[in-house]
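Inside the fold
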Amino acid sequence: MDLPGAGDRIASEIRAWEDRYSHGEERPLGSYLGLLITYLSGVAALIATGWVRRVRVPERVPAADLGLLTVAVFRASRLVTKDSVTAALRAPFTEYKEPAGHGEVNEEVVGTGPRHAVGELVSCPFCISVWLATVGMFAMLAFPRAARVVCSVLGAVAGADALQFVYSALGRAA
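Here we summarise the structure given alongside this text. (Residues numbered from 1 in each chain as written. Predicted model: local features only at pLDDT ≥ 70, side-chain atom pairs only at ≥ 80, totals over all residues. Heavy atoms only, no water.)

1. Re the environment of Y32
Stated precisely, the cut-off is as follows: Working definition: helices are DSSP H or I runs of at least four residues, strands are E runs of at least two. Numbering for both runs from the N terminus. For each residue, the accessible area found with a 1.4 Å probe, counting protein chains only, is set against the maximum for its type, and the residue is called buried under 20%, exposed over 50%, and partly exposed in between. Contacts were defined at the residue level, with two residues in contact if any of their heavy atoms lie within 4.5 Å.
Its place among the elements puts Y32 in helix 2 (residues 29-52). On the basis of relative accessible area, Y32 is assigned to the partly exposed category, the value being 22%. With 81 residues separating them along the chain, Y32 and G113 place their C-alpha atoms 8.6 Å apart. Y32 has contacts with E26, R27, H116, A117 and E120, leaving out every residue within four places of it along the chain.

Below you can see the structure in the form of structure tokens.
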């Protein structure tokens, strides 16, 4: 059954929610909802893939795996959202603002609607970490050896970054 104008009414209602919620700021609730639906659809696809592949879900995640994944997600979220090298991937959604030191940049989200919402996602390490942790945990369950290698690489980079900061601080103190 097709209701004439139903899509227009829904879009109009979402715009009204955005106006009431945002107080004139760019808060694209409809686009955030689209991202949320995309995330949840991805989670459903991962669950279905795991079910088809008969992936065993452990009663609890081993602490070593959780620690490794935590450090890997931290480093991957910084790589995706802040590193100068990945700025080309964020450029359609952000604008360079200033250097943030040590190979990182600060950027400002540009555009409206979906472009703005994606810009917030790809420039916020806290926001993207949920997505990365979800994929990382699925990888740990479905492809544990490969996932541990990738997480170990990211963990080693995070450790090397920390040592670079320690080395620089020691050099300044000397």
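2. Concerning the packing of aromatic side chains
For clarity, the threshold we go by: Note on aromatic contacts: the rings of Phe and Tyr and the six-membered ring of Trp form a pair at centre separations within 6.5 Å, being stacked when their planes are under 30 degrees apart, edge-to-face when over 60 apart, and tilted otherwise.
For the coordinates displayed, the defined rule picks out two aromatic pairs. Ring geometry for F138 against F143: centres 6.4 Å apart, planes inclined by 75°, an arrangement best described as edge-to-face.

3. Digging into helix 5 (residues 113-123)
With eight of eleven residues buried, helix 5 is to be regarded as a mostly interior element. Here helix 5 has its buried residues at G113, H116, A117, G119, E120, L121, V122 and S123. Buried-residue contacts for helix 5 involve helix 2, helix 3 (63-81), helix 4 (87-90), strand 1 (94-101), strand 2 (104-109) and helix 6 (125-142).

4. Considering the nonpolar core
Inclusion rule: As used here, the term nonpolar core means buried Ala, Val, Leu, Ile, Met, Phe, Trp, Tyr and Cys residues forming a set that is joined through side-chain atoms within 4.5 Å.
L69, A72, V73, A76, M140, A147, C151 and L154 form the largest nonpolar core, which has eight residues in total. At the level of elements, helix 3 and helix 7 (144-173) are the ones that each hand at least two residues to this core. It is helix 3 that contributes the most residues to this core, four residues altogether. Each residue touching A76, except ones within four places of it in the same chain, is listed here: L132 and L154.

5. Thoughts on the packing of helix 3 against helix 7
To describe two helices that pack against each other, one gives the angle between their axes and the distance between the axes. Short version of the rule: Note on geometry: axes are lines fitted to C-alpha atoms, helical ones only across the stretch in contact, with angles between N-to-C directions running from 0 to 180 degrees. Whether a crossing is left-handed or right-handed is set by the direction in which the near helix is turned from the far one by less than a right angle, anticlockwise for left-handed and clockwise for right-handed. Residue polarity is assigned by list, with Asp, Glu, Lys and Arg as charged and Ala, Val, Leu, Ile, Met, Phe, Trp, Tyr, Cys and Pro as nonpolar; anything else, Gly included, falls into the polar class.
At a minimum axis separation of 8 Å, helix 3 and helix 7 run at an interaxial angle of 65°. Crossing angle aside, the handedness with which helix 3 passes helix 7 is left-handed. Residue-level inspection shows D65, L68, L69, V71, A72, F74, R75 and A76 of helix 3 in contact with helix 7, the latter providing R148, C151, S152, L154, G155, V157, A158 and D161. Of the residues assigned to the contact of helix 3 with helix 7, the class counts are ten nonpolar, two polar and four charged.

6. Looking at the environment of G113
Looking at the secondary structure, you find G113 in helix 5. Residue class for G113 comes out buried when judged on its relative accessible area of 17%. Separated by 31 residues in the primary sequence, G113 and K82 have C-alpha atoms spaced 22 Å apart. Residue contacts for G113: discarding those within four places in its chain leaves E26, P28 and S31.

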